[in-house]
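Examining the three-dimensional arrangement
Residues per chain are reported as follows:
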Amino acid sequence: MTTRWIATGLCHDLPNGVVMAGRWHDTELAVWRSASGKLAAWKDRCPHRGMRLSHGFVRGETLSCIYHGWVYGTDGGCKHIPAHPSLVPPKAIRAEAFSCVALDGVLWLAPADVSEAPPRLGGLRPVRSLSLTCGLAALMAAESALAGKDILRGSVTFGGHAVEICLLVQPKPDGITLHALCGASADLVAVSRWLEALRFKAEEKVAE
Amino acid sequence: MIRLYDYVLSASCYKVRLMASLVGLKLEHEAVDFHPGLEHKSAAFRQMNPAGTLPVLMDGDLILTESTAMLVYLARMSGPEWLGPDTPQALAQVQQWLAFSGRLAASLGRARLHDMLLYPGDIDALRRDGHDALRELEAALTERRFAGRDWLVGDAPSIADIACFPNVALSQDGGVVLDDYPAIRLWSLSIRSLDRFVEMPGIHRLHELRPAPVEV
Ligand code: FES
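Thresholds applied
Residues numbered from 1 in each chain as written. Chains lettered and ligands numbered in written order. Predicted model: local features only at pLDDT ≥ 70, side-chain atom pairs only at ≥ 80, totals over all residues. Heavy atoms only, no water. 1 Å grid on protein atoms, 1.4 Å probe; cavity = no way out; pocket = protein on both sides within 12 Å on 5 of 7 lines; lining within 4 Å. Points joined across faces, edges and corners; volume = space filled by probe spheres on them. Helix = DSSP H or I, 4+ residues; strand = E, 2+ residues; numbered from the N terminus. Nonpolar A, V, L, I, M, F, W, Y, C, P; charged D, E, K, R; others polar. Axes fitted to C-alpha atoms, helices over the stretch in contact; angles between N-to-C directions. Parallel < 35°, antiparallel > 145°, perpendicular 65-115°, else oblique. Contact = heavy atoms within 4.5 Å. Pairing = 2+ DSSP bridges. Core = buried A, V, L, I, M, F, W, Y, C linked by side-chain atoms within 4.5 Å. Buried < 20%, exposed > 50% of the residue type's maximum accessible area, 1.4 Å probe, protein only. Domains from an automatic or database assignment. Salt bridge = Lys/Arg side-chain N within 4 Å of Asp/Glu carboxyl O.

Bringing the layout of surface pockets into the picture now. Roughly 1,200 Å³ of internal volume is contained in the largest pocket. Considering the residues around the largest pocket, the lining is formed by 41 residues, among which Ser 131, Leu 132 and Lys 172 of chain A together with Asp 180 and Tyr 181 of chain B are closest to the centre. At the level of elements, β1 (6-10), β2 (19-24), β11 (124-132), β13 (161-172), β14 (175-183) and α2 (188-207) of chain A together with α5 (123-146) and α7 (182-192) of chain B are the ones that each hand at least two residues to the lining of the largest pocket. In terms of residue count, α5 of chain B provides more of the lining of the largest pocket than any other element does, 6 residues in total. Here the residues of the lining of the largest pocket sort into 13 nonpolar, 11 polar and 17 charged. Put simply, the second largest pocket is a space of about 840 Å³. Around the second largest pocket, the lining is made up of 30 residues, and of these Ser 54, His 55 and Gly 56 of chain A together with Gln 172 and Arg 192 of chain B lie nearest the centre. In terms of residue count, α7 of chain B provides more of the lining of the second largest pocket than any other element does, 5 residues in total.

Here is the structure:
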């Protein structure tokens, strides 16, 4: 079964009041949380001159573009244009929204018209995100215990223990980003180091 | 008064200005025409610092030419808590990060000089080395966060964080994007929210902490 949802990060990496860059296939997005915790994801192009909104900053319940300071509310509508302080910005000026959902510690993205819900990963614990300069094939060649396509799962043994691992695959132009989760009782440091070693092995496969 | 031979766009000079501000020390700034004047390569300047590098810190008879040594000096003078916890482990870890900051300068810092001031260098190799160093920093900060800590050593910010911060925060100037490093992003936000944090061109305070501009 394929889903249109793609993981773009882990919730603990996006606290309130922070904006980050996200990606859904080739679409770059600005993903942010307002001071009160409202989540939004927009195309990473400011409606003014197309600069990256992910370079902007959150103030209260708004995101401001760093370039000329246009201010957007969580609904994507432009609320304020500093160069024309008395103007009420027309409704048509709005950031192009994607669906963004925080579920089981994961930030999921899909086009706004998505109808199904994101995949559930109950009982797992978010670990960390890390990017690889190789593709999925090299990753699979590096670790035979993992199976799947967008969501890789498997039981991996390291440090004498079998650990349940789940890797959410986010494609990017020059490789993949993995958002890793593990069984609830696993040691996070050990899993993080295993991920580092896995990346090393996978990237080496490409160099061979 | 402590004098700093300074260039506004230099990551290493900024490191020292930031440290001085954080520990509440006022420095006397001597602006050096680094670019385009190459004043730091002049005979007069080399009498003070034979290496012909910036920054240089002078306090009476003491002349320091390594920015990490300057951090130690300023912290020991005015904010010893910035030296990190006084345990064998922590002292060694701080030294480890001070040395590591040299690798950031040699990779991210050189890439920036290449792109901004047309310094020679193999830009692809510099960026690759920069990413390797960032991966190490990201892994370390990730493990610190698992332990509930925001800083490189101990429970509070230290010279280790300040030594590593500038070249990381300026990496985009050298074509190295930080999008793939979530733990570094949060660490950088923590540093930028510190009391008495100072800016430099390319590194801003957190706008969200500033009041919104008042309309007139
Ligand atoms: S490009 Fe965003 S305000 Fe101008």
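From this point, the narrative continues.
Moving on, we get to the packing of helix α4 (residues 88-117) of chain B against helix α6 (residues 159-169) of chain B. Residue and element names in this part refer to chain B. At their nearest, the axes of α4 and α6 sit 8 Å apart, and the two run at 10° to each other. When the interaxial angle is binned, α4 and α6 end up roughly parallel. Of α6, the residues touching α4 (which contributes Val 94, Trp 97, Leu 98, Phe 100, Ser 101, Leu 104, Ala 105, Leu 108 and Gly 109) are Ile 159, Ala 160, Ala 163, Cys 164, Asn 167 and Val 168. Of the residues in the contact of α4 with α6, the class split is 12 nonpolar, 3 polar and no charged.

What follows is about the sheet that holds β1 of chain A. Residues and elements named next belong to chain A. Taken in spatial order, the 6 strands of this open sheet run β1-β10-β9-β4-β3-β2, and their pairing is antiparallel. Strands with a single pairing partner mark the edges of an open sheet, and in this sheet they are β1 and β2. On average, adjacent strands in this sheet sit at an angle of 30° to one another, irrespective of strand direction.

What follows deals with the nonpolar core. In this structure, Trp 82, Leu 137, Leu 152, Ile 159, Phe 165, Val 168 and Trp 187 of chain B are the most contacted members of the largest nonpolar core, which totals 53 residues. Broken down by secondary-structure element, the contributors of at least two residues to this core are α1 (11-22), α3 (67-78), α4, α5, α6 and α7 of chain B. Sort the elements by how many residues they give to this core and α6 of chain B lands first, with 8 residues. Each of two domains, domain 1 (3-80) and domain 2 (82-208) of chain B, supplies a minimum of three residues to this core. Within the second largest apolar cluster, 26 residues are counted, among which are Leu 130, Leu 146, Ala 186 and Leu 198 of chain A.

In the structure shown here, the tally under the stated rule is 21 salt bridges over all chains. With a closest N to O distance of 2.8 Å, Asp 115 of chain B and Arg 127 of chain B form a salt bridge. Here Arg 127 of chain B lies in helix α5 and Asp 115 of chain B lies in helix α4, a separation of 12 residues in the sequence. Look at Asp 115 of chain B and you get partly exposed, because its relative accessible area is 31%. Here Asp 155 of chain B and Arg 149 of chain B are joined by a salt bridge, their closest N and O atoms 2.5 Å apart. What emerges from the salt-bridge pattern is a single network uniting Asp 44 and Arg 52 of chain A together with Asp 179 of chain B.

All names here are of chain A. Among the 5 residues that make up strand β10 (residues 106-110), 5 are buried, leaving the element largely enclosed by the rest of the structure. The two faces of β10 match: Val 106, Trp 108 and Ala 110 on one face and Leu 107 and Leu 109 on the other face are all buried. With 4 bridges joining them, β1 and β10 adopt antiparallel strand pairing. Within β10, the position partnered with Ala 7 by the bridge is Trp 108. The pairing of strand β9 (residues 97-103) with β10 spans 5 bridges and is classified as antiparallel. Its bridge partner being in β10, Val 101 is matched across the sheet by Trp 108.

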